[in-house]
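# Architecture at a glance
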Amino acid sequence: MKNFTIFLLLILSFSCFAQSKNRPEKVIEKALQFRNQGDTLKAITILTKQNAKKPDVRTSILLAEIFFDSGFFKNAIDSYKSAIKIDSLYYPDALFFVADLSIKVGQYIDAFNYAKAFVDCRKETGKFVEQANRIIANSYFAINELQKADSIKPILLDTKVNSPLDEYWPSLIADESKLIITRLCKMHVGNTYGKQSFQEDFYLSEKDSNGVWCEPKPVININTNGNEGSQSISADGRYLFFTACNRPDGFGKCDIYMSEFVDNEWTKSVNIGYPVNSAYWEAQPSVSPDGRTVYFVSNRPDGYGGSDIWVSHKDLFGRWQKPVNLGPSVNTKYDEWSPFIHSDGVTLYFSSEGHVGMGGVDVFVTNIINDTIIKEPKNIGFPVNTFADEKGFVVNTLGDKGFFSTNTNRNSDIYSLQLKKDIRPLPSSFFKGVIVDDDNNNPIKANVELYEFDNGELLYKSFSNNGNFLFPLVKDKTYALNINSKGYLFFSENIKLNTDSINNTDSVKIVRLKPIRSGQQIVLNNILFEINSSKLLNESLLELGKLIELLNDNPEMQIQIHGHTDNVGNEKDNLILSENRARSVCQYLFDNGISVSRISSLGFGKLRPIASNADDYGRSLNRRIELFVVK
């Protein structure tokens, strides 16, 4: 680090061997009595007066301990320093406590210097030496980090979101229109002293038409008289996973629960059960965009430290599988917290006190594929990470903004900030829409499925009970979308996210499903062929399978497959090509059990364009296969 030796020269020249002095026993005895009686103010007062008259190592140490217990860390530091100055031999561990307290309040140079002096005095492994070496590493990192800090600053969310109470654990849906937070709420305890107690509840805030967060409202049907916290909402806003403790249906002290948003309300929460939950502590879930993978924290056996991060997936029958530990790249002998899997499905943010950081609990980022960490965790640095504890860090779908809570001002509040490029996830966006009946424009319930176009892998599956859908997309991937509902022809679309798509996130797709009846017609957007050929591409098999399902579900249905081309090339050749392509689709249906009596084909060549042939995009729309309902 540039000029790092400058502050090294400031390392204190402590003597590890000194003579202790006489001590005022009566004042110490009296201060201990006040302390034991809970009257710390009197204890502090008499010790402070004694030190003003005649500084003493024991009064300084006791005063430091009382300040520490009362949360006055800076005062404790000053008192420990006084003790060291008087007699460093009497209580050498004071060097360590100054270092430990200094990093807790962000005084990194002092933390480094005193920790180094403590280790040099010890000359061996022993009590506090390991912690002191960690302080040295963390302080070194923090000093470097602060020297390269830029002008980006966290922004405190609107006062409607943050209150005089503690708010933490933010979670967002993909389009950032809804924010759920955990709030530590006051709760009266019925006793003669009017004692205040607290419990955690969920509050939901929505953005108004101007993009301003509205007053958060309690989440009905989920909040109870007990604690609910550390929630994670799926990208589409359909599933809410959270932690609840000491419930009658719990497997251990704290378990993970789930609720689903159905008919505009949250269902009664259910314990997601074994093997995710166990007789141990499970908490702080993060759910994947499709709700089929959950990352969480547990102190169960076979981990690496006090609390580790684990992951579990649902099988084809919707059952949670045995959790897998994310391994030593993420988990340490200390505690890891608050995993967050981004909408890209690869980028994982988490908090840790074991990896080198700026003190307390810091946020880190890594990449994960098939439950294997493929990138060394990186501290995301200042200004998110500070000497305080940073947990519950989440990133919006676009990947340019982070949301987190911190207690740097004693109360926990929620902040947002623009992310530096080196800690952003893969470029992502979202696709949202509403499904309506083509005849009357009424929203209808439907199945929404998103596949990776190249390999047919199902990425997202949901049942929209109100016609709305929302899911994330990753740049430079091609997707096949299929939306279907009983009694309707399905809707299909081929989606590829590019830079323009990322920047345009305000559009809402209107998906019009056509009731099944004679004369209806739809484009089969995901049936494709080799260039100038009637040979089906493998990527078409997914849509052909959906077509077979439609015909099997409607055994009286008769269809005609229409082939179309653009206007490039010979007109006669185009007509023949369109006919052959339509026949290829029919042949596939025949080969997969659909009766020949139910299917026919026609080719129209360039005669029925649906877009201009003046550019590549228009021509690509004209090269298509259509389904026409005969009966």
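The paragraphs below set out a description of the structure included in this document. (Residues numbered from 1 in each chain as written. Predicted model: local features only at pLDDT ≥ 70, side-chain atom pairs only at ≥ 80, totals over all residues. Heavy atoms only, no water.)

Scanning the chain for helices and strands turns up twelve helices and 33 strands. Computed over its C-alpha atoms, the radius of gyration of the chain comes to 32 Å, more than 25% above the 25 Å expected for a compact globule of 631 residues. Within the chain, residue pairs in contact and separated by at least 24 positions form 56% of the contacts whose partners lie at least 6 positions apart. The positive charge centre, built from 70 side chains, and the negative charge centre, built from 75, are 4 Å apart in the chain. (Helix = DSSP H or I, 4+ residues; strand = E, 2+ residues; numbered from the N terminus. Rg over C-alpha atoms; globule rule 2.2 N^0.38 Å. Contact = heavy atoms within 4.5 Å. Lys, Arg positive; Asp, Glu negative; His and termini not counted. Charge placed at Lys NZ, Arg CZ, Asp CG, Glu CD.)

Turning our eyes to something else, we now look at the pattern of salt bridges. Two side chains carrying opposite charge are able to pair once their charged atoms lie near each other. Under the definition given, this model contains 28 salt bridges. A salt bridge links E449 to K546; the shortest N-O distance between them is 2.5 Å. Taken together, the residues E449 in strand β24 (residues 446-452) and K546 in helix α10 (residues 541-553) connect sequence positions 97 residues apart. Judged on exposure class, the residue E449 and its partner K546 are both buried. Residues E571 and K606 are paired through a salt bridge, measuring 4.0 Å at the closest nitrogen-oxygen approach. (Salt bridge = Lys/Arg side-chain N within 4 Å of Asp/Glu carboxyl O. Buried < 20%, exposed > 50% of the residue type's maximum accessible area, 1.4 Å probe, protein only.)

Topologically, G519 is positioned in the loop between β29 (509-513) and β30 (521-523). Overall, the relative accessible area of 44% leaves G519 in the partly exposed class. The spacing of G519 and K631 is 112 residues in sequence and 7.8 Å in space, taken between C-alpha atoms. G519 has contacts with F628 and V629, leaving out every residue within four places of it along the chain.

What follows covers helix α5 (residues 73-86). In a regular helix each residue adds 1.5 Å, so 14 residues correspond to 20 Å; α5 covers 20 Å between its end C-alpha atoms and thus fits that length. Turning to α5, the residues buried within the fold contact α4 (57-69), α6 (93-104) and α7 (108-122). (Expected span 1.5 Å × (residues − 1).)

The subject of this paragraph is helix α2 (residues 25-36). With twelve residues, α2 extends 16 Å from end C-alpha to end C-alpha; this agrees with the ideal 16 Å at 1.5 Å per step. If you check which residues of α2 are buried, you get I28, A31 and F34. Seen end-on, α2 carries its buried residues on one side only, within an arc spanning 120°. Exposed residues on α2 whose side chains face more than 90 degrees from its buried face are K26 and N36. On its buried face, α2 is in contact with α3 (40-53) and α4. Phi turns positive one or two residues past the end of α2, at G38, with a value near 85°. (Arc of directions from axis to C-beta.)

Counting 42 residues, the largest nonpolar core has Y80, F118 and I135 as the members making the most contacts within it. Secondary-structure elements contributing two or more residues to this core are α2, α3, α4, α5, α6, α7 and α8 (129-147). Once residues lying within four places of it in the same chain are set aside, the contact partners of F118 are P92, D93, L95, F96, K127, F128, V129 and A132. (Core = buried A, V, L, I, M, F, W, Y, C linked by side-chain atoms within 4.5 Å.)

Of all the seven residues making up β24, six are buried; the element is thus mostly covered by neighbouring parts of the structure. As judged from the six bridges shared by β24 and strand β25 (residues 458-464), these two strands associate in the antiparallel manner. Of the residues in β25, the one forming a bridge with N447 is F463. The antiparallel pairing of β24 with β25 creates a hairpin that spans five residues between the two strands, and G456 there sits at a positive phi of about 75°. (Pairing = 2+ DSSP bridges.)

Without other data, these values stay purely geometric and don't point to any function.
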